[in-house]
Structure formats: structure tokens, C-alpha cells
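Geometric and topological summary
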Amino acid sequence: MQAKAKKLTIAARKGNDNQLKADFAAAIQDSYDQGWTCANELLAGGCRLVDDNKEEVEIPLNIKEVFLFSLVSEHYPALAFQASQSLKFQTTNVIQPPFVMDVFLLDTLTEMLATPLRLLGYVKLRVAVSDKLMSGHELTVLGYHLKRNLWLDEKHDLVMLEDSIARDLDTAMLVRRDNQPGDDTPVGVLTKMRGTRYESLIKEIEARADPATLELGFHLLSMDEDSCRNVHRILEIVTRQSQVDGKRHDITLASSTPPCGVSFHCNPMPSTEAIAVLETHCAKRKYQQRAAQWFGVSVSPAGQVQFGVTLNFPWEASDEMERRTADMKPASIARDALPQYSREVSRMKLGRNDPCRCGSGLKYKKCCLR
């Protein structure tokens, strides 16, 4: 992150085009250029990061992504629009497009997206659509994300957002900061999945902060509402199956654009061998779907995360994998296929006073039935 105290001068505000360009260069372009230099030095190795307590921060050996934040400390009119029109930047496979903001947006971002997973998940989505999204203010983009998730249909080349989209976000901030009556969270991605297993899975991933499950968390946060509800249904189904028969069960949710997916396992008895089993299963699913990325997550019959797997490498044809996947059923689970899983589970009976199949030693009525 590169922060600048520069702001628009009076001459620029009056419409002096040359002064406007000079102010933009001093406030944003110079900030980005310095960030680009820092990012390349970081990737070259030999850098040290030290925090406020003079303690060194360990840098990963292999950095997958670098995000550049250009921050201005003053209100800057139409900052998002100016950045989209005037900022000259570069990207690589590792260094992502820049995210330009003022301190007021940063304040709102960290207020509404209060965990690192949700904040970074939004950043990943935001920079991914930087070339097809147009808006006068970044608050408008954030308001759209809180309503519908920052997911844009690939059939559109350019999307323009009106400032009125941020109305509910403005209201929520007034409720939070000035104790005004109303909803303190806009209806949308932060509210619609409350109380579901999808939301519980996100919270567990946030609490664990494990690299394999964090990647899954970013993937889950990029889903549309229908996919989120399918995740909830799948978790309900597989945990219920394991509670009833005490066996391992799995369901895969896959997409074709782009090819990727998640394999959900419910495992009553987690072990080192179980991790290898899940990784092998995900590798076969990934190959069958011809995907570059695949995720796996194992949960207990009570729905708690046990471990995760992330496979992220290009798809390559393989005679061995062709043989291993020849008898596998298609990975995609259509929405109308889930009721069949539910009907099969509903036919499995477990008495209230029977020992719970999750292995807790308690009666079913005092354990997973709750």
C-alpha cells in the first residue's frame, strides 16, 4: 500500500486541465509507480518486512499474488473514474491491477467487510473486473457488491454503475456512525445466508486461517446466491448421511465457466489417510472436469471443518488419469438433482435415543439432532 497526502488544488477544481493532470500524477500515478517498484523488489527476494514493534514479518517463499493499493488521504472527486481513464499501470501473472481509493473508502471497507477473508475476497473480485466496470466512485462499486456480490456476467463487455446503487450503504453507515434508525447492514451478501451452513463454513475458514481452506473461502465468496444455497443444501445432505450411517459421504459441486469445483466430504473419522483420500478424489474430479483449480473440504457430521485441499495447476492430458476416471460419474450436481439426495437421506432413520453416529458418545437427541 502506498499512501499520499496530495489532493486536488484549487486550480484543478476550477477546471485547469494541465493542473488536473499534474495533481493526478502527484496523488495517484506516483503512488502506483512506487508500489510497482516495491512489488518487484519483493518478488526478487532479499527484502525484509518489519512491523511497528521492530519484529520481522516472514515473507512466503513463493508469492502467488501481489495487490497494489494506492491510497489518498483527502477527498478526491470522481477518483474511481479518473483512475480508470488516466492511470497507467502494468500487470503480471503475480502483480494484479491496482486498487485506487481514498481513506474514506478504506474506512467503509473495513467497517462493512470486517474480516481479512471478506476484505481480501472483495479486493480479488474488484481488481478482476477493473477493465469492464465503470463508476464515478468506489463506494458505488462496494454498494453493488454488498447487494449482489461483485459478479459480472461474462456476456457484457462493459458495466456502468449509477451512484444511487450506494444508497443502502450510505444509510447503513449513518445507522452505524450516527445512531440513525434503520438497517446497519445492506440486504445482500452479508445478510441473505445468515444461519445457513454456508455462512458457518465461511466463519470456520476465517477462524482457521489455513492456506488450503483460505483459497476455498475466496472461491465460496465469489459465488452467486444460487450456488451459495446449493453449498448449504450439500452440507446438510452429507452431514445428515454420515449422522445416520456413520460412513464417509461426498458430493461435488462443479461449474464449467470457468472449469472448477468443490468436493465436499463428510468424514466421521478424520485421519492422515483421509487427507490423502480427499486429495486423490479432488485430483480425479479436477482431471475429469479439465479444470485448472479444484477445492476439497472435509467436515465432521456436526458440520465442523476438519481439513481442506487446494489443487491449482494447469490441466494436462494423461493416460493414467483417463483410466482412473473412466468409471466416475459426471462431477456437476444440477440444482434439480439435490432433491433426490435429500429423499435418500430422509429414508435413513436414526432413533432419538440411539448413539449419535458422529462419535461423540452422546445420544442422538442430545447431539447432532439439535
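As a reminder, the structure under discussion sits directly above these lines.
Residues numbered from 1 in each chain as written. Predicted model: local features only at pLDDT ≥ 70, side-chain atom pairs only at ≥ 80, totals over all residues. Heavy atoms only, no water.

This brings us to the overall build of the protein chain. When helices and strands are tallied, the protein chain shows 13 helices and eleven strands. Each principal axis of the C-alpha distribution contributes one length, and for the protein chain these read about 80 × 55 × 50 Å. Counting all 370 residues of the protein chain, 42% fall into the buried class. Within the protein chain, contacts between residues separated by at least 24 positions form 65% of all contacts whose residues are at least 6 apart in sequence. (Helix = DSSP H or I, 4+ residues; strand = E, 2+ residues; numbered from the N terminus. Buried < 20%, exposed > 50% of the residue type's maximum accessible area, 1.4 Å probe, protein only. Contact = heavy atoms within 4.5 Å.)

What follows concerns the packing of aromatic side chains. With the rule as written, the count across this model stands at four aromatic pairs. Geometrically, the ring pair formed by Tyr32 and Phe89 is edge-to-face, given 6.4 Å between the ring centres and 75° between the ring planes. Taken as a pair, Tyr32 in helix H2 (residues 17–44) and Phe89 in the loop between helix H3 (79–86) and strand S5 (99–102) lie far apart in primary sequence, 57 residues in all. Residue class for Tyr32 comes out buried when judged on its relative accessible area of 2%. (Phe/Tyr/Trp six-rings, centres within 6.5 Å; stacked < 30°, edge-to-face > 60°.)

This paragraph deals with helix H11 (residues 272–289). An ideal rise of 1.5 Å per residue puts 26 Å on 18 residues; H11 measures up with 26 Å between its terminal C-alpha atoms. Among all positions in H11, only Ala274, Leu278, His281, Cys282, Arg285, Lys286, Tyr287 and Gln289 are buried. Contacts from the buried residues of H11 go to strand S8 (249–256), strand S9 (259–266), strand S10 (293–299), strand S11 (305–312) and helix H12 (319–324). One or two steps after H11, the chain reaches Arg290, where phi turns positive at roughly 55°. (Expected span 1.5 Å × (residues − 1).)

The next thing to look at is the environment of Arg233. Structurally, Arg233 is set in helix H10 (residues 225–245). Remark: the alpha-carbon pair of Arg233 and Arg197, spanning 36 residues in sequence, is separated by 8.0 Å.

Spatial strand order, S8-S9-S10-S11: four strands in an open sheet with mixed pairing. In the strand order of this sheet, the two ends are held by S8 and S11, each with one partner. For this sheet, the mean angle separating the axes of adjacent strands, direction not counted, is 10°. Two elements, S10 and S11, share seven bridges in a ladder whose sense is antiparallel. Bridge pairing in S11 places Val299 opposite Val305. Helix-sheet contacts for helix H8 (residues 197–208) involve S9, S10 and S11, and the interaxial angle to S11 is about 85°. (Pairing = 2+ DSSP bridges. Axes fitted to C-alpha atoms, helices over the stretch in contact; angles between N-to-C directions.)

Take helix H6 (residues 138–148) next. Most of H6 sits out of view: eight of its eleven residues are buried. Taken together, the buried positions of H6 are Glu138, Thr140, Val141, Leu142, Gly143, Tyr144, His145 and Leu146. On the buried face of H6, the contacting elements are H3, S5, helix H4 (103–112), helix H5 (116–128), strand S6 (133–134) and helix H7 (167–178). Two residues or fewer past H6, Asn149 is found with a positive phi of approximately 70°.

We now examine the environment of Ile237. Along the chain, the position of Ile237 falls in helix H10. Through-space distance from the C-alpha of Ile237 to that of Thr37 is 50 Å; in sequence the pair is 200 residues apart.

With that settled, the discussion passes to the sheet that holds S5. Pairing in this open sheet of three strands is parallel, and the strands run S1-S4-S5 from one edge to the other. In this open sheet, the two strands that pair with only one neighbour each are strand S1 (2–4) and S5. Here the strands of the sheet are splayed against their neighbours by 20° on average, with no regard to which way each runs. As paired elements, strand S4 (residues 69–72) and S5 share four bridges and run parallel to each other. If you follow Val72 over to S5, its bridge partner there is Asp102. Docked against the sheet, H2 engages S1, S4 and S5, running at close to 155° with respect to S1. Its contacts with the sheet place H4 against S4 and S5, and it is angled at close to 100° to S5.

To continue, consider the packing of H8 against helix H9 (residues 211–221). Put simply, H8 and H9 touch, their axes get as near as 9 Å, and they point 145° apart. The way H8 lies across H9 gives a crossing that is left-handed. Taking contact as the criterion, the partners of Tyr198, Leu201, Ile202, Ile205 and Arg208 in H8 are, on H9, Thr213, Leu214, Leu216, Gly217, Leu220 and Leu221. Here the contact of H8 with H9 is built from residues that sort into eight nonpolar, two polar and one charged. (Left-handed = near helix turned anticlockwise from the far one by under 90°. Nonpolar A, V, L, I, M, F, W, Y, C, P; charged D, E, K, R; others polar.)

Another aspect to go through is the pattern of salt bridges. Under the criterion given, the structure shown has 14 salt bridges. Across the pair Glu215 and Lys64 runs a salt bridge, and its minimum N-O distance is 3.2 Å. Pair noted here: Glu215 is in helix H9 and Lys64 is in the loop between strand S3 (56–57) and S4, with a separation of 151 residues, a long-range link. We classify Glu215 as buried; its relative accessible area is 17%. Here Arg177 makes a salt bridge to Asp107, at a shortest N to O gap of 3.0 Å. Of this pair, Arg177 sits in helix H7 while Asp107 is found in helix H4, placing the two residues 70 residues apart along the sequence. A cluster of three or more residues bridged by salt bridges with shared partners is formed by Asp107, Glu111, Arg176 and Arg177. (Salt bridge = Lys/Arg side-chain N within 4 Å of Asp/Glu carboxyl O.)

Structurally, the position occupied by Lys286 is in helix H11. This buried residue, Lys286, is left without a salt bridge; Glu316 holds the nearest opposite charge, at 9.1 Å. Within the structure, the side chain of Lys286 is placed 2.8 Å from the backbone oxygen of Phe313, a separation counted as a polar contact. Non-local contacts of Lys286, meaning those with residues more than four positions away in its chain, are made with Ala291, Ala292, Gln293, Trp294, Leu311, Phe313, Pro314 and Trp315. (Lys, Arg positive; Asp, Glu negative; His and termini not counted. Polar contact = N/O pair within 3.5 Å; in protein donor to acceptor, adjacent residues only side chain to side chain.)

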